[in-house]
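Reading the structure
Next come the chains, spelled out residue by residue.
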Amino acid sequence: MTKAPLGNLLFADAPMGAPPAPGLCPIRDVLSLVGQKWTLLILIALEAEPRRFSALQRAVGDISKRMLTQTLRDLERDGMISREVFPTKPPAVEYALTDLGRSALAPIAGLKDWANRHHGAIKAARTAFDGV
C-alpha cells in the first residue's frame, strides 16, 4: 500500500499522485453520515431503548417528519439502526440501534463530553469574532 502525497493525507489507498476513487476514504465516507445535523441526536435518542417514529421525533425535537424519515433511512442503509414493522392496523414501526450503531456510542460520548466542556468557550469566541 502506498501513501498518497501530502495533499491527500486521508487517502491511504490512493496510488502516489492519483486522486482516490470515490468512496475509498473511510473518514470522508463515515463523516458524510455522522456529520449531518440530526444523525448523532438520533443515535443518542436510541441509546436507551428502541423507539417508534413519533417518540424519536419528540426525543430529538425540532426535526421535521421529512428530515427524520430521511435520516432514519440513511442510518438504516449504513447499518447503524434496524427498522422493525409490527403487523398492526396501522402498522407500527420501531427503530433500534444495531451492534454497529451501538459501537458508535463511545466516540459520540467523547464528542458530547467535549462539546459540554467547551461550549462556553466556543460561544465566547463566536461573540468576540462577531464583535457583539
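Rules used in this analysis
Residues numbered from 1 in each chain as written. Predicted model: local features only at pLDDT ≥ 70, side-chain atom pairs only at ≥ 80, totals over all residues. Heavy atoms only, no water. pLDDT = per-residue confidence, 0-100. Contact = heavy atoms within 4.5 Å. Pairing = 2+ DSSP bridges. Helix = DSSP H or I, 4+ residues; strand = E, 2+ residues; numbered from the N terminus. Core = buried A, V, L, I, M, F, W, Y, C linked by side-chain atoms within 4.5 Å. Buried < 20%, exposed > 50% of the residue type's maximum accessible area, 1.4 Å probe, protein only. Axes fitted to C-alpha atoms, helices over the stretch in contact; angles between N-to-C directions. Parallel < 35°, antiparallel > 145°, perpendicular 65-115°, else oblique. Nonpolar A, V, L, I, M, F, W, Y, C, P; charged D, E, K, R; others polar. Expected span 1.5 Å × (residues − 1). Arc of directions from axis to C-beta.

1. Re the confidence of the model for the protein
Considering every residue of the protein, the mean pLDDT works out to 87; 83% of them sit at 70 or more. Here residues 1-7 scores under 50 on pLDDT; set against residues more than four positions off or in separate chains, the count is 14 contacts.

2. Side note on the pairing of strand S2 (residues 81-86)
Relative to strand S3 (residues 92-97), S2 runs antiparallel, the two sharing 6 bridges. Bridging from a neighbouring strand, Ile81 pairs with Leu97 of S3. Here S2 hands over to S3 after 5 residues, the two strands then running antiparallel side by side.

3. Digging into the environment of Leu75
The residue Leu75 is located in helix H4 (residues 65-77) in this model. Residues Leu75 and Gly101, spaced 26 residues apart in sequence, show a C-alpha to C-alpha distance of 8.6 Å. Once residues lying within four places of it in the same chain are set aside, the contact partners of Leu75 are Leu33, Thr39, Ile42, Leu43, Met80 and Ile81.

4. Observations concerning the nonpolar core
Core analysis: the biggest nonpolar cluster contains 20 residues, and Ile42, Leu56 and Ile81 have the highest contact counts within it. Elements with a minimum of two residues in this core: helix H2 (39-45), helix H3 (53-60), H4, S3 and helix H6 (105-130). Residues contacting Leu56, with those up to four places away along its chain left out, are Ile42, Ala45, Leu46, Arg51, Leu68, Leu72 and Tyr95.

5. Some words on the sheet that holds strand S1 (residues 51-52)
One open sheet accounts for 3 strands, arranged S1-S3-S2; its pairing is antiparallel. Edge positions in the sheet fall to S1 and S2, since each of these pairs with one other strand and no more.

6. Considerations on unusual backbone geometry
Between Lys89 and Pro90 the backbone carries a cis peptide bond, its omega angle lying at -10 degrees. Checked against the element boundaries, Pro90 lands in the loop between S2 and S3. Here Asp62, not a glycine, exhibits a phi torsion of approximately 65 degrees, which is positive.

7. What about the packing of H3 against H4?
A pair of packed helices can be characterised by two numbers: the angle between their axes and the separation between those axes. As a packed pair, H3 and H4 sit with axes 11 Å apart at the nearest point and diverge in direction by 110 degrees. With respect to H4, the element H3 is oriented roughly perpendicular. Residue-level contacts link Phe53, Leu56 and Gln57 of H3 to Lys65, Leu68, Thr69 and Leu72 of H4. The residue makeup of the contact of H3 with H4, split by class, is 4 nonpolar, 2 polar and 1 charged.

8. Thoughts on H4
Helix length check: H4, at 13 residues, gives a terminal C-alpha distance of 18 Å against a target of 18 Å (1.5 Å per residue), a fit within 8%. Listed as buried for H4 are Leu68, Thr71, Leu72 and Leu75. End-on view of H4: buried residues confined to an arc of 100 degrees, all on one side of the axis. Pointing more than 90 degrees away from the buried face of H4 are the exposed residues Arg66, Arg73 and Arg77. Contact partners of the buried residues in H4: helix H1 (26-34), H2, H3, S2 and S3.

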